[in-house]
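Structure at a glance
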Amino acid sequence: MILDLVSKYLSYLEIERGLSVNTIAAYKNDLFLFFEYFNKINDIEEIKRGHLSEYIKHLGQNHTNPSSITRKIASIKGFFRYLCSVCGSKSNPALSIVTPKVSKKLPKVINMDEIEKMFKEKMDLREQAVFEMLYATGLRVSELVELEIKNIDFKNNSIKTMGKGAKERIIPFGIKAKTALNAYFKERDVTLKVSTSRKKAPTKAFLNDFGEKITRQWVYTFIRGLGEVINKTISPHTIRHTFATHLLENGADLRVVQELLGHENVVTTQIYTHISKKHLKEVYFAING
């Protein structure tokens with residue numbers, strides 16, 4: 001009974017809300033752990049506010065970090081909200097549960113000198129194109145690996161991508177990224193022509209050596225390797241943070257950055273203004289002591 005409701009909820013998130021596979025997997029894991037803890041309860045109506053309080057206390061006692069607890073509570077709240085709004089449930093035990101405040105850590109970013117140093121590192125054409133596109137557009141790694149050739153507009157120097165919640169956005173890119181893309185695509189076309197057994201040409205922009213789309217893991221490994229050049233542990237998301245921060249530091253409007261990143265709420269984007277202010281203070285005191 002309960003598992004059936006969870007399954008329907010996950011389908012709702014995928015079909016109606018258009019959430020990503022990774023987000024849905026996180027919801028699924030959170031909900032399964034919650035109901036596994038109360039495995040003797042078979043009817044969803046038996047879940048009361050006290051059960052949620054007990055579970056939150058259990059998470060804290062098991063040293064679950066605050067941000068994970070916050071996400072798990074959000075998953076549970078979303079599920080019970082769905083039961084009320086879609087399935088007609090009359091009670092919501094999660095309604096008055098207070099989500100603990102978590103102090104937001106500023107995202108890790110790379111300064112301009114470090115970016116330049118990374119760009120000077122020896123890379124093949126595919127690696128260079130991937131790095132240029134990440135820094136030029138702020139794409140999420142999932143958006144990069146799913147990028148279609150047809151959605152790259154070389155005439156207007158822009159790409160079209162589908163972000164979270166199936167929200168489409170157009171992102172411009174500069175001359176350096178365009179040059180890197182052109183060089184990579186020439187090599188890519190030659191490689192594909194050698195593979196005569198292929199019946200249908202791949203539609204994804206970035207391919208591995210076997211003509212299949214590159215994986216998230218490949219991108220993470222590549223970017224982590226580049227981070228060693230500047231003695232930092234970084235990920236593709238670090239490049240996304242850096243993209244946003246450098247735009248704001250150079251005078252871009254916050255709402256524009258919000259649109260480019262695909263954030264639904266400008267509050268999510270505002271964290272980058274704190275990074276910019278922090279950077280300005282560091283520069284000021286470095287000069288003025």
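Residues numbered from 1 in each chain as written. Predicted model: local features only at pLDDT ≥ 70, side-chain atom pairs only at ≥ 80, totals over all residues. Heavy atoms only, no water.

We now examine unusual backbone geometry. Among all residues save glycine, negative phi is the norm, and among peptide bonds the norm is trans. Positive phi, close to 50 degrees, is recorded for Asn157, a residue that is not glycine. Relative to the elements of secondary structure, Asn157 occurs in the loop between strand E1 (152–153) and strand E2 (158–162). Backbone geometry at Asn231 places phi at a positive 60 degrees, although glycine is not the residue there. Secondary-structure assignment places Asn231 in the loop between helix H9 (216–227) and helix H10 (236–249). (Helix = DSSP H or I, 4+ residues; strand = E, 2+ residues; numbered from the N terminus.)

Another aspect to go through is the confidence of the model for the protein chain. Per-chain confidence: the protein chain averages 86 in pLDDT, with 89% of residues scoring 70 or above. For the protein chain, the element scoring lowest by mean pLDDT is helix H12 (residues 266–288), at 59; helix H6 (residues 125–137) scores highest, at 97. Taken as a whole, residues 283–289 scores under 50 in pLDDT and shows one contact with residues more than four places along the chain or in a different chain. (pLDDT = per-residue confidence, 0-100. Contact = heavy atoms within 4.5 Å.)

Direction of pairing for E1 relative to E2: antiparallel, over a ladder of two bridges. Paired with Asp153 across the bridge in E2 is Ser158. Hairpin remark: E1 followed by E2, antiparallel, with four residues in the connecting loop; positive phi at Asn157, about 50 degrees. Two elements, E2 and strand E3 (residues 168–172), share five bridges in a ladder whose sense is antiparallel. Bridge pairing in E3 links Met162 to Glu168. (Pairing = 2+ DSSP bridges.)

What follows deals with the packing of helix H3 (residues 49–61) against helix H4 (residues 66–85). For the pair H3 and H4, interaxial distance at closest approach is 11 Å and the crossing angle is 160 degrees. Comparing their axes, H4 and H3 come out roughly antiparallel. As H3 runs across H4, the sense of the crossing is right-handed. Here Leu52, Tyr55, Ile56, Leu59 and Gly60 of H3 lie close against H4, whose contacting residues are Ile69, Lys72, Ile73 and Ile76. Of the residues that constitute the contact of H3 with H4, the class distribution is seven nonpolar, one polar and one charged. (Axes fitted to C-alpha atoms, helices over the stretch in contact; angles between N-to-C directions. Parallel < 35°, antiparallel > 145°, perpendicular 65-115°, else oblique. Left-handed = near helix turned anticlockwise from the far one by under 90°. Nonpolar A, V, L, I, M, F, W, Y, C, P; charged D, E, K, R; others polar.)

This part covers the environment of Asn111. Locating Asn111 in the fold gives a position in the loop between H4 and helix H5 (112–119). A distance of 2.8 Å separates a polar atom in the side chain of Asn111 from the backbone nitrogen of Glu114. (Polar contact = N/O pair within 3.5 Å; in protein donor to acceptor, adjacent residues only side chain to side chain.)

Where H5 contacts H6, the axes come no closer than 11 Å and their chain directions differ by 160 degrees. Considering their axes alone, H5 and H6 lie roughly antiparallel with respect to each other. In this structure, H5 meets H6 at a crossing whose hand is left-handed. Residues Met112, Ile115, Met118 and Phe119 of H5 form the contact with H6, whose participating residues are Phe131, Glu132 and Tyr135. A breakdown of the residues in the contact of H5 with H6 according to their chemical character gives six nonpolar, no polar and one charged.

With that out of the way, let us pick up helix H2 (residues 21–37). Compared with an ideal rise of 1.5 Å per residue, which puts 17 residues at 24 Å, H2 spans 24 Å between its outermost C-alpha atoms and is within 8% of the ideal. For H2, the elements touching its buried residues are helix H1 (2–15), H3 and H4. (Expected span 1.5 Å × (residues − 1).)

Across all of its chains, the model carries 20 aromatic pairs by this definition. Here the aromatic rings of Tyr12 and Tyr82 are separated by 5.0 Å at their centres, their planes lie at 40 degrees, and the arrangement is tilted. In this pair, Tyr12 sits in helix H1 while Tyr82 sits in helix H4, placing the two residues 70 residues apart along the sequence. Here Tyr82 falls in the buried class, since its relative accessible area comes to 7%. (Phe/Tyr/Trp six-rings, centres within 6.5 Å; stacked < 30°, edge-to-face > 60°. Buried < 20%, exposed > 50% of the residue type's maximum accessible area, 1.4 Å probe, protein only.)

Relative to the elements of secondary structure, Glu143 occurs in helix H7 (residues 141–145). Engagement of the side chain of Glu143 in a polar contact is seen with the side chain of Arg169, the distance being 2.8 Å.

Strands sit in the order E1-E2-E3 across an open sheet of three strands; the sheet is antiparallel. Single-partner strands in this sheet number two, and they are E1 and E3.

Moving on, we come to the environment of Ser20. Here Ser20 is to be found in the loop between H1 and H2. Taking relative accessible area as the criterion, Ser20 reaches 30% and is therefore assigned partly exposed.

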